[in-house]
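# An overview of the molecular structure
Each chain is listed here by its residues.
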Amino acid sequence: MSFCKPSATPVDTKSKLSVISSKPFADPTLYRSLAGALQYLTFTRLDITYVVQQVSLFMHNPMEPHFTALKHIIRYVKGTLDYGLHIYPSATTRLLSYTNADWAGCPDTRRSTSRYCVFLEDNLISWSAKRQATLSHSSAKAEYRGVASVVAEICWLRNLLLELQCPLRKASLDYYDNISAIYLSHNLVQHQRTKHIEMDIHFVRIKVSLGHVKVLHVPSLYQYANIFTKGLPRQLFLEFRSSHSVRPPPAPTEGVY
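Scope of this entry: the structure provided in the associated data block. Not measured: the values here are computed from a predicted model. (Residues numbered from 1 in each chain as written. Predicted model: local features only at pLDDT ≥ 70, side-chain atom pairs only at ≥ 80, totals over all residues. Heavy atoms only, no water.)

## A few points about the packing of aromatic side chains
Overall, the coordinates contain 8 aromatic pairs when judged by the stated rule. Where Tyr 98 meets Phe 119, the ring centres are 6.1 Å apart and the plane angle is 85 degrees; that geometry is what we call edge-to-face. Highlighted residues: Tyr 98 in strand β2 (residues 95-102) and Phe 119 in strand β3 (residues 113-120), separated in sequence by 21 residues. The interplanar angle of 90 degrees and the centroid separation of 5.3 Å between the aromatic rings of Tyr 224 and Phe 240 together place this pair among those described as edge-to-face. Of this pair, Tyr 224 sits in the loop between β6 (213-217) and α7 (234-243) while Phe 240 sits in helix α7, and the two are 16 residues apart along the sequence. In this pair, the class of Tyr 224 matches that of Phe 240, namely buried. Chaining the aromatic ring pairs together yields one cluster made of Tyr 98, Phe 119, Tyr 175, Tyr 224 and Phe 240. (Phe/Tyr/Trp six-rings, centres within 6.5 Å; stacked < 30°, edge-to-face > 60°. Helix = DSSP H or I, 4+ residues; strand = E, 2+ residues; numbered from the N terminus. Buried < 20%, exposed > 50% of the residue type's maximum accessible area, 1.4 Å probe, protein only.)

Okay, here's the thing in structure tokens:
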């Protein structure tokens, strides 16, 4: 595909891939090889994290639509070969995170996937897209499990910065677009219907009460974790990609070769 037509985005906005398909792919070894190579690329190209995670779910039995989606990623990479994650000098005074979850997003198992991204000042330093181990009966419960995941990551990063003698004096902020999950992180009343996620609830509330974390609301339009959750329209995808500092290298200054 060296001479393929580049694509503006790595995935379209259609429905998600499923194990149910009409025709198996003829060369599963090729599929696994390409998907595995793209997994390594996600270390510096978080803009393809979502769709690579999707195609990797079907390595055991790839179908024709799965390979079509994989080729779509390669077409996008072809047009953005010089792009990568940029890290810039900055202060180390605050951690900022964005969290989201797609409730019952898997069309086959109906399990949700938690996704988050963590910034140290303006630099993206951690991101994740991980399928939840159990089913959630409501979007609030799925979203709250996502909050617990990013709070655990924030606590680890705060301890790491403390060991590096760069302690954080302010609470880390986690932005979420689900009001119910935000209320659960502050409400001290234990409800009967939330007992099965009791450990997550107590863990987050303790960190909030200690002043280590604040869970705040953000409109979906500014929920940067959405780039890990679903296929986005082109303009929104490009804006989120730029906000995550995935861009081409800066133009060289005059006299530098």
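## Some remarks on the environment of Val 208
Within the element layout of this structure, Val 208 appears in helix α6 (residues 198-209). In sequence terms Val 208 and Val 151 are 57 residues apart; their C-alpha atoms lie 9.4 Å from each other.

## Side note on the pairing of β3
Most of β3 is tucked away, with 8 of its 8 residues classed as buried. Alternating residues of β3 divide into Thr 113, Arg 115, Cys 117 and Phe 119 and Ser 114, Tyr 116, Val 118 and Leu 120, and every residue in both groups is buried. As judged from the 8 bridges shared by β2 and β3, these two strands associate in the antiparallel manner. Counted as the bridge partner of Leu 96 is Phe 119 from β3. Bridging between β3 and strand β4 (residues 123-131) involves 8 bridges; their strand directions are antiparallel. Each residue of the ladder has a partner; that of Arg 115, found in β4, is Ala 129. Here β3 folds back onto β4, and the loop between the two strands holds 2 residues, one of which, Glu 121, carries a positive phi near 55 degrees. (Pairing = 2+ DSSP bridges.)

## Side note on the pattern of salt bridges
A full pass over the atoms with the stated rule returns 2 salt bridges. Between Arg 45 and Asp 47 there is a salt bridge, with the nearest N and O atoms lying 2.9 Å from each other. Among the residues examined, Asp 47 registers a relative accessible area of 2% and is labelled buried. Residue Glu 121 is joined to Arg 94 by a salt bridge in which the shortest nitrogen-to-oxygen separation is 3.7 Å. Taken together, the positions of Glu 121 in the loop between β3 and β4 and Arg 94 in the loop between β1 (84-85) and β2 put the pair 27 residues apart, joining distant regions of the chain. What makes Glu 121 buried here is its relative accessible area of 15%. (Salt bridge = Lys/Arg side-chain N within 4 Å of Asp/Glu carboxyl O.)

## Thoughts on the side chain of Arg 158
By the element assignment, Arg 158 lies in helix α4 (residues 139-163). One buried charge, Arg 158, has no salt-bridge partner; the nearest side chain with opposite charge is Glu 121, at 11 Å. Engagement of the side chain of Arg 158 in a polar contact is seen with the side chain of Ser 172, the distance being 2.9 Å. Setting aside anything within four residues of it in sequence, one finds Arg 158 in contact with Leu 95, Leu 168, Lys 170, Ala 171, Ser 172 and His 212. (Lys, Arg positive; Asp, Glu negative; His and termini not counted. Polar contact = N/O pair within 3.5 Å; in protein donor to acceptor, adjacent residues only side chain to side chain. Contact = heavy atoms within 4.5 Å.)

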